[in-house]
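Per-entry structural report
Residues per chain are reported as follows:
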Number of protein chains: 2
Amino acid sequence: MTMSTTPPIDEVARDAAARLRAAGLRPTRQRVALVRALFGQGDRHVTAEQLYAETQALDVGVSLATVYNTLHQFTRAGLLRELAIGSGRSYFDTNTGHHHHFFYEGTGQLVDVPGELVQVASVPLPPKGTEVSGVDVIIRIKDGGC
Amino acid sequence: MTMSTTPPIDEVARDAAARLRAAGLRPTRQRVALVRALFGQGDRHVTAEQLYAETQALDVGVSLATVYNTLHQFTRAGLLRELAIGSGRSYFDTNTGHHHHFFYEGTGQLVDVPGELVQVASVPLPPKGTEVSGVDVIIRIKDGGC
DNA sequence: TTCTTCTTTAGAATCATTCTAATCTATTGA
DNA sequence: TCAATAGATTAGAATGATTCTAAAGAAGAA
Ligand SMILES: [Mn+2]
Ligand SMILES: [Mn+2]
Ligand SMILES: [Zn+2]
Ligand SMILES: [Zn+2]
């Protein structure tokens with residue numbers, strides 16, 4: 001078995017830059033910081049404001065406008081998936097694979113549900129010329145008052 | 001077979017008033033107008049602005065604040081179901097039974113999918129003390145550029 | 001370097017929704 | 001029939017998330 005080692009800081013930055021270049025985006029300081037915040041740990045579901053708050057804490061400041069711009073660019077590039085759950089803020093999901101969500105109404109927290117666990121029976125597809133762009137399943141959880 | 005006749009205008013209003021009283025709400029002019037706009041025809045999926053525009057056209061004007069107040073009261077009373085589809089406006093659904101939705105991304109239109117057509121396999125339920133308050137399935141339709 | 005193109009950003013603008021506080025009205029029971 | 005009262009309506013202000021604008025800054029190419 002192999003010991004996992006923390007990669008040196010420069011390597012992390014180089015990875016982030018490579019990921020950005022692969023998406024056709026210039027690896028600016030701000031975007032590198034955002035890639036690291038988003039993809040440095042496991043899968044995440046973040047709002048723009050949450051991500052903005054995180055980067056404010058860091059040395060490299062990122063404006064809120066840039067956070068929004070970048071989240072949308074990453075979504076267009078296929079690095080993120082935008083989730084519209086409640087009719088308020090948008091969530092951005094670093095897990096772009098096929099899966100669904102638990103939504104904790106109390107806290108606004110999202111938790112992944114593997115796509116295989118949900119079976120959607122074949123539904124009558126509407127008018128020709130149209131195409132299913134995605135199926136979202138949201139299981140709303142009421143933090144029960146036991 | 002029985003001929004369907006258009007009920008006299010007063011009867012419609014009386015029905016609306018009865019429905020409101022049953023929900024514990026005073027049958028004001030505004031609420032009667034909204035009940036008729038919402039439930040006078042088949043199932044509907046409307047936004048607050050849409051409903052506001054409709055009532056503006058009528059003789060009995062209803063303010064936007066009242067449209068919002070009333071939509072939420074009706075939702076609390078179980079007459080409507082609030083749908084959070086995109087992270088913008090809320091839709092209010094006059095069909096409160098078990099069903100799901102096609103969402104036409106181009107037009108913002110919602111179309112019902114009978115609940116039986118969608119099978120959600122049993123998913124691992126999260127921590128005790130919590131309860132599933134609902135399962136929403138949204139089939140997003142991209143108005144295809146064939 | 002130097003030029004060009006892309007990027008960042010502060011602040012204003014927009015949009016849906018909610019709040020406030022003043023005015024109005026449905027209900028009720030003298 | 002008529003206050004009195006609780007509940008309802010409303011204009012306009014406030015809020016919160018997001019987008020836009022336009023000016024200044026930084027990255028890549030030559
Ligand atoms: Mn968006
Ligand atoms: Mn609402
Ligand atoms: Zn997810
Ligand atoms: Zn519906």
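In this numbering scheme, every chain counts its residues from 1 along its sequence in written order. Chain letters start at A and ligand numbers start at 1, both assigned in the order the entries are written. Totals for whole chains, interfaces and linings use every residue, but because this is a predicted model, local features are given only for residues with pLDDT of at least 70 and side-chain atom pairs only at 80 or more, for both listing and counting. With hydrogens and water excluded, all non-hydrogen atoms of the structure serve as input to the side-chain values.

This paragraph deals with the overall build of chain A. Only DSSP runs of H or I reaching four residues or more are called helices, and only runs of E reaching two or more are called strands; each is numbered from the N terminus. Of regular secondary structure, chain A possesses four helices and six strands. Start at the N end of chain A and walk to the C end: the helices and strands fall as α-α-β-α-α-β-β-β-β-β. Considered along the principal axes of its C-alpha atoms, chain A spans approximately 50 × 50 × 45 Å. Relative accessibility thresholds used throughout: buried, under 20% of the residue-type maximum; exposed, over 50%; partly exposed, between the two (1.4 Å probe, protein chains only). Sorting the 146 residues of chain A into buried and exposed places 39% on the buried side. The contact definition used throughout considers only heavy atoms, calling two residues in contact when any of these lie within 4.5 Å. For chain A, long-range pairs separated by at least 24 residues make up 43% of all intrachain contacts whose partners lie at least 6 apart in sequence. Surface summary for chain A: the accessible area is close to 8400 Å², and the carbon and sulfur share equals 52%. A gap of 7 Å separates the mean positions of the 14 positive and 15 negative side-chain charges of chain A. The Shrake-Rupley method, run with a 1.4 Å probe sphere, supplies the accessible areas, and residue values consider only the shown protein chains as cover. Note on charges: Lys and Arg go in the positive column, Asp and Glu in the negative column, and His and the chain ends are not counted at all. One atom stands in for each charge, and that atom is NZ of Lys, CZ of Arg, CG of Asp or CD of Glu.

Residues and elements named next belong to chain A. How far a helix is expected to stretch is found by multiplying one less than its residue total by 1.5 Å. Helix length check: helix α4 (residues 64-76), at 13 residues, gives a terminal C-alpha distance of 19 Å against a target of 18 Å (1.5 Å per residue), a fit within 8%. Along α4, the residues that are buried comprise Val67, Thr70, Leu71, Gln73 and Phe74. Buried residues in α4, looked at end-on, bunch into an arc of 165°, giving them a common side. Positioned one or two residues after α4, Gly78 has a phi angle of 85°, which is positive. Picture the helix axis, draw a direction to every C-beta atom, and the arc is the one those directions span.

Another point: the interface of chain A and chain B. In this assembly, 39 residues from chain A lie in contact with 39 residues from chain B. Of the roughly 3100 Å² buried between chain A and chain B on both sides combined, carbon and sulfur atoms contribute 59%. Broken down residue by residue, the surface that chain A buries against chain B is led by Ser87, Asp136 and Arg140 of chain A, which jointly contribute 16%. Counted as a polar contact is a pair of N or O atoms within 3.5 Å, where, for protein atoms, one must be capable of donating a hydrogen and the other of accepting one, and residues adjacent in sequence contribute only when both atoms are in side chains. At the surface where chain A touches chain B, the tally comes to 13 residue pairs in polar contact (both at pLDDT 80 or more). For the side of chain A that touches chain B, the secondary-structure elements that each account for two or more residues are β4 (99-104) and β6 (131-142) of chain A. Counting residues per element, the side of chain A that touches chain B draws most heavily on β6 of chain A, at twelve residues. The sheet contact formed by β6 of chain A and strand β6 (residues 131-142) of chain B spans eleven bridges and is antiparallel. Buried area is calculated as the accessible area (1.4 Å probe) missing from two parts once they are joined, with the contributions of both summed. Pairs of strands are assigned from DSSP output, requiring at least two bridges between the strands.

We now examine the environment of Leu71 of chain B. All names here are of chain B. With respect to the helices and strands, the residue Leu71 is situated in helix α4 (residues 64-76). Sequence separation between Leu71 and Val46 is 25 residues; the distance between their C-alpha atoms is 10.0 Å. Non-local contacts of Leu71, meaning those with residues more than four positions away in its chain, are made with Leu38, Ala48, Leu51, Leu80 and Phe92.

So, on to the coordination of the manganese ion (ligand 1). Only His72 of chain A (NE2) and Glu82 of chain A (OE) from the protein reach the manganese ion (ligand 1) as donors, at distances of 2.4 to 2.5 Å. Of the two residues, His72 of chain A is situated in helix α4 and Glu82 of chain A in strand β2 (residues 81-83); the sequence distance between them amounts to ten residues. Donor criterion used throughout: N, O or S atom within 2.8 Å of the metal, extended to 3.2 Å for Na, K and Ca. Water excluded; incomplete-looking sites may result.

What follows covers the sheet that holds strand β2 (residues 81-83) of chain B. Reading across from one edge, β1-β3-β2 (chain B) is the order of the three strands in this open sheet, with antiparallel pairing throughout. Strands at the two margins of the open sheet, each flanked by one partner only, are β1 (45-46) and β2 of chain B.

All right, on to the pairing of β6 of chain B then. Strand direction decides the pairing type here: strand β4 (residues 99-104) of chain B and β6 of chain B, joined by four bridges, are parallel. By the bridge assignment, Phe103 of chain B is partnered in β6 of chain B with Arg140 of chain B.

A word on the relation of the copies chain A and chain B. Superposition of the two copies of the chain requires a rotation about an axis together with a shift along that axis. A least-squares fit on C-alpha atoms brings the copies together, and the residues used are those whose pLDDT is at least 70 in both copies. In screw terms, the move from chain A to chain B is a rotation of 180° and a rise of 0.0 Å along the axis, fitting with an RMSD of 0.1 Å. Look at the turn and shift together and you get a two-fold axis relating the two. In this assembly, 100% of the residues forming the interface of chain A have copies in chain B that are likewise at the interface, indicating an isologous arrangement.

This part covers the coordination of the zinc ion (ligand 3). Residues and elements named next belong to chain A. Distances from the zinc ion (ligand 3) to its protein donors, namely His45 (NE2), Asp93 (OD), His99 (NE2), His101 (NE2) and Asp112 (OD), fall within the range 1.9 to 2.2 Å. Sequence spacing among the residues donating to the zinc ion (ligand 3) works out to H-x47-D-x5-H-x1-H-x10-D. Of this pair, His45 sits in strand β1 (residues 45-46) while His99 sits in strand β4, and the two are 54 residues apart along the sequence.

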